[in-house]
Amino acid sequence: MTTIDMPGLRRQAVSVTRKMAASLPGLRQMAEEKGLKIHHLGAGYPHPEVTDPRGFLTHQQAYFEHLAGNEGLNDADAVPEYLRESYSYTDTLGPRSVRETFARAYGNDWRIQLDADRMVPTVGATGGINLVCSMFERPGTPVAYITDAPTYAGFLARSALCHHARVFSVEMDDEGPLVDVFVSQIRAAREAGYEVPLYYTVPDGHNPAGFSFSQSRREQILAAARAERILIVEDAPYVYINYTSGAQRTRPFFAMAPEQTVHLFTGSKIGFPGPRVGFLYSEAKLAIAGGVEVDLTEFAVTEASADMLFQNPAALYGFEALLHRPGEEGGFAERGTFWELAEGKLAVYREMRQIMLEGLERGLGAWPEHFGWTHPDAGFFTVFTFRDGSVRTDEAFTNDLVTNYGVVAIPMYDFYPEDARDRDANAGFDQLRLSFCFSESAGEDRRRDLTEAVDAFCAAVREMFELTRE
Ligand SMILES: Cc1ncc(COP(=O)(O)O)c(C=O)c1O
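About the thresholds
- Residues numbered from 1 in each chain as written.
- Predicted model: local features only at pLDDT ≥ 70, side-chain atom pairs only at ≥ 80, totals over all residues.
- Heavy atoms only, no water.
- Helix = DSSP H or I, 4+ residues; strand = E, 2+ residues; numbered from the N terminus.
- Buried < 20%, exposed > 50% of the residue type's maximum accessible area, 1.4 Å probe, protein only.
- Contact = heavy atoms within 4.5 Å.
- Lys, Arg positive; Asp, Glu negative; His and termini not counted.
- Charge placed at Lys NZ, Arg CZ, Asp CG, Glu CD.
- Pairing = 2+ DSSP bridges.
- Patch = residues over 30% accessible without salt bridge, like charges linked within 9 Å, V, L, I, M, F, W, Y side chains within 5 Å.
- Areas by Shrake-Rupley, 256 points an atom, 1.4 Å probe, with all protein chains shown as cover.
- Salt bridge = Lys/Arg side-chain N within 4 Å of Asp/Glu carboxyl O.
- 1 Å grid on protein atoms, 1.4 Å probe; cavity = no way out; pocket = protein on both sides within 12 Å on 5 of 7 lines; lining within 4 Å.
- Points joined across faces, edges and corners; volume = space filled by probe spheres on them.
- Polar contact = N/O pair within 3.5 Å; in protein donor to acceptor, adjacent residues only side chain to side chain.
- Axes fitted to C-alpha atoms, helices over the stretch in contact; angles between N-to-C directions.
- Domains from an automatic or database assignment.
- Buried area = accessible area lost by both parts, 1.4 Å probe.
- Phe/Tyr/Trp six-rings, centres within 6.5 Å; stacked < 30°, edge-to-face > 60°.
- Lys NZ or Arg CZ within 6 Å of the ring centre and 35° of its normal.
- Near = heavy atom within 4 Å.
- Expected span 1.5 Å × (residues − 1).

**Q** I'd like a rundown of the overall build of the protein, residues and numbers included.
**A** Helices and strands together make up the secondary structure of the protein, namely 15 helices and 18 strands. Its C-alpha atoms put the protein at 75 × 65 × 55 Å along the principal axes. Per-residue burial over the protein gives 56% buried out of 470 residues. If you take every contact in the protein between residues at least 6 apart in sequence, the share linking residues at least 24 apart comes to 73%. Each charge class in the protein was averaged separately, 44 positive and 67 negative side chains, and the resulting centres sit 1 Å apart.

Written as structure tokens, this is what we have:
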């Protein structure tokens, strides 16, 4: 056996969500041996009821036949364009029609003119995070990322891959990141010798923080980012999993300032995760070596072409199909909006959110001095806080929740970047992330399962605190 000497490599950290997934079968068995039902409040997956691919595949097939029909091919052996391109090497930007259809619908929804030539396909939002980090890590010089405390585990995992990247995090209140800390962290990073290209965040339906930033905090953060000359990388999986009405809806950063933002769209929540469709969009410019000014898009395309060459074109055409509905007189019409698609998902998620919030209120609302939870305007999660400092939501705690009560929930501490835990060793140890997006059942059974899950969680907490209801 040969062992390769790689002393430059460091041991990689394993996230708490991955550890939880690995230990779950054992914990589950222990719970089941006690006759406990397993309650899912941990998984952040789209609900199976709104991601059944069968209806989509029928729709996609009809749309593809429509595309082929439109070409009016005389030769029966001729391969239609969508099919030829779906299985060929394509440009890194992928089929133009997909980007144009996307740009019209997304631009229409957020009241901004989008340039289809700036839409860089990515492998989901995960691919977008990777692309933007890679671009700024390429020179090999120390680079600092500003992000929230807590922040998305996938961003922490990606930034940890780079040995010369360091995270500087910013605590939040219930409106978003604290602006003075945001500015002081950028400056601290610069003073420590880091270039600071970006602030990574999830302003709508924050994962894991379980809330959306207020409009005024967005404006303050944007003004600070402008003044400090850093980009806002806006990860936006939940902009359409949105529980507010049009008038109250906050604006994503890219719609307020496309020249200051790198927006990461993903099809995973509004469509399906499997096809891994995503787009990076930015109108930012970068001042690079030699005093030259370049479009960020140009950099991103070069990086993407060397990285994945091109995204799966068949998946992109499938996404174009999603953005069309069957026309009234045959054929297909462009939807021109994502809200129509969102509504199909929201019918389920809205209900699930309500079951979660009502269940918490019913089970634990009598003790606001002990417990609190977020009321998310978007996304899949609420964050539950134990207010009196009497419990520590570490791994042992969440393991006990599974084995003694059958309840799967995710501890929050691991979502806090290292520097946040250095500032406060207890950061996140009083919180749990509860997700209301997933169950293994559909329809009435889904409602019942989530109701039982929240009730089981509340009963477990009451038992731990020896609280009894009147
Ligand atoms: C904030 C955030 N970013 C990115 C992702 C991953 O998205 P994708 O499936 O598009 O890679 C998720 C998924 O849960 C997420 O919550």
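**Q** Can you tell me about the pairing of strand S2 (residues 119–123), naming the residues and giving the values?
**A** Taking burial as the measure, the five residues of S2 include four buried ones, the bulk of the element. Direction of pairing for S2 relative to strand S9 (residues 277–282): antiparallel, over a ladder of five bridges. Note that in S9 the partner of Val120 across the bridge is Leu280.

**Q** Run through a nonpolar patch on the surface, naming residues and quoting values.
**A** A grouping of Ile4, Met6 and Leu9 is seen on the molecular surface, where their side chains present a nonpolar patch of about 350 Å² in accessible area. Within the secondary structure layout, Leu9 lies in the segment before helix H1 (16–33). The exposure class of Leu9 is exposed, given its relative accessible area of 57%.

**Q** Provide a residue-level description of the layout of surface pockets, including the pertinent values.
**A** One number sums up the size of the second largest pocket: a volume of about 830 Å³. Along the wall of the second largest pocket there are 26 residues; nearest its centre are Phe136, Arg229, Lys285, Leu286 and Ala287. Where the lining of the second largest pocket is concerned, the elements lending two or more residues are helix H5 (124–137), strand S6 (195–201) and strand S10 (285–288). For the lining of the second largest pocket, the element with the most residues is S10, which contributes four residues.

**Q** Give me the sheet that holds S9: which residues, what numbers.
**A** Here eight strands make up an open sheet; going across it, the order is S2-S9-S8-S7-S6-S3-S4-S5 and the pairing mixed. Edge strands, defined here as strands with exactly one partner in the open sheet, are S2 and strand S5 (176–177). Where strand S3 (residues 143–149) meets S6, four bridges bridge the pair, whose relative direction is parallel. Bridging from a neighbouring strand, Tyr145 pairs with Leu198 of S6.

**Q** Outline the side chain of Gln260, listing residues and values.
**A** Its place among the elements puts Gln260 in the loop between helix H9 (253–256) and strand S8 (261–266). Polar side-chain contacts of Gln260 include one of 3.5 Å to the backbone oxygen of Ala225. The residues contacting Gln260, other than those within four sequence positions of it, are Leu222, Ala225, Arg226, Ile230, Leu231 and Ile232.

**Q** Break down the sheet that holds strand S18 (residues 431–435) for me, citing the residues and quoting the values.
**A** Read across the open sheet, the four strands follow the order S14-S15-S18-S17; overall the sheet is antiparallel. Edge positions in the sheet fall to strand S14 (371–373) and strand S17 (410–411), since each has one partner strand and no second. Relative to S18, strand S15 (residues 381–386) runs antiparallel, the two sharing five bridges. Residue pairing in the sheet places Val383 in a bridge with Arg433 of S18. Together, S14, S15 and S18 form the strand contacts of helix H12 (residues 339–364), whose direction differs from that of S14 by roughly 170°.

**Q** An account of the domain arrangement of the protein is needed here, citing residue identities and associated values.
**A** Domain boundaries in the protein define domain 1 (16–50 + 340–464) and domain 2 (82–322). On a C-alpha basis, the centroid separation for the pair domain 1 and domain 2 is 27 Å. Taken together, the contact pairs 27 residues of domain 1 with 34 residues of domain 2. Carbon and sulfur atoms supply 65% of the area that domain 1 and domain 2 bury against each other, a total of about 2400 Å² over both sides.

**Q** Please set out the packing of aromatic side chains residue by residue, giving values where relevant.
**A** Counted according to the given criterion, the structure contains 44 aromatic pairs. Between the aromatic rings of Phe64 and Tyr82, the centroid separation amounts to 4.4 Å while the plane-to-plane angle is 25°, which identifies the pairing as stacked. Taken together, the residues span a long stretch of sequence, with Phe64 in helix H2 (residues 53–71) and Tyr82 in helix H3 (residues 81–86) at a distance of 18 residues. Both residues of the pair, Phe64 and Tyr82, belong to the buried class. Taking 6.1 Å as the distance between ring centres and 35° as the angle between the ring planes, the aromatic pair formed by Phe102 and Phe319 counts as tilted. Of the two residues, Phe102 is situated in helix H4 (residues 96–110) and Phe319 in helix H11 (residues 313–322); the sequence distance between them amounts to 217 residues. An identical accessibility class is assigned to Phe102 and Phe319; each is buried. Three or more aromatic residues joined by ring pairs form one cluster here, namely Phe102, Tyr106, Trp110, Tyr240, Phe254, Phe265, Phe279, Phe319, Phe338 and Trp339. Lying over the aromatic face of Trp339, Arg249 brings its terminal NZ or CZ to 3.8 Å of the ring centre.

**Q** An account of the environment of Gln215 is needed here, citing residue identities and associated values.
**A** Relative to the helices and strands, Gln215 resides in helix H8 (residues 215–228). Here the alpha-carbon distance between Gln215 and Thr250, two residues 35 residues apart in the chain, equals 5.4 Å. Each residue touching Gln215, except ones within four places of it in the same chain, is listed here: Thr250, Arg251 and Met256.

**Q** Please give an account of the site of the ligand that cites residues and values.
**A** The environment of the ligand is formed by 13 residues, the closest being Ala125, Thr126, Asp235, Thr266 and Ser268. In this structure, an oxygen atom belonging to the ligand sits 2.5 Å away from a side-chain N or O atom of Thr126. Separating an oxygen atom of the ligand from a side-chain N or O atom of Thr266 is a distance of 2.5 Å. Considering the ligand on its own, with 390 Å² of exposed area, one finds that the protein chains cover 91% of that surface. Sorting elements by how many residues they give to the shell around the ligand places H5 first, with three residues.

**Q** Could you give an account of helix H7 (residues 179–191), with specific residues and numbers?
**A** Taking 1.5 Å per residue, 13 residues should reach 18 Å; H7 reaches 18 Å between its end C-alpha atoms and fits that length. Here H7 has its buried residues at Val181, Phe182, Val183, Gln185, Ile186 and Ala189. Of the surrounding elements, those touching the buried residues of H7 are S3, strand S4 (165–173), S6, H8 and helix H14 (418–423). Following H7 by one or two positions, Gly193 adopts a phi angle in the positive range, close to 95°.

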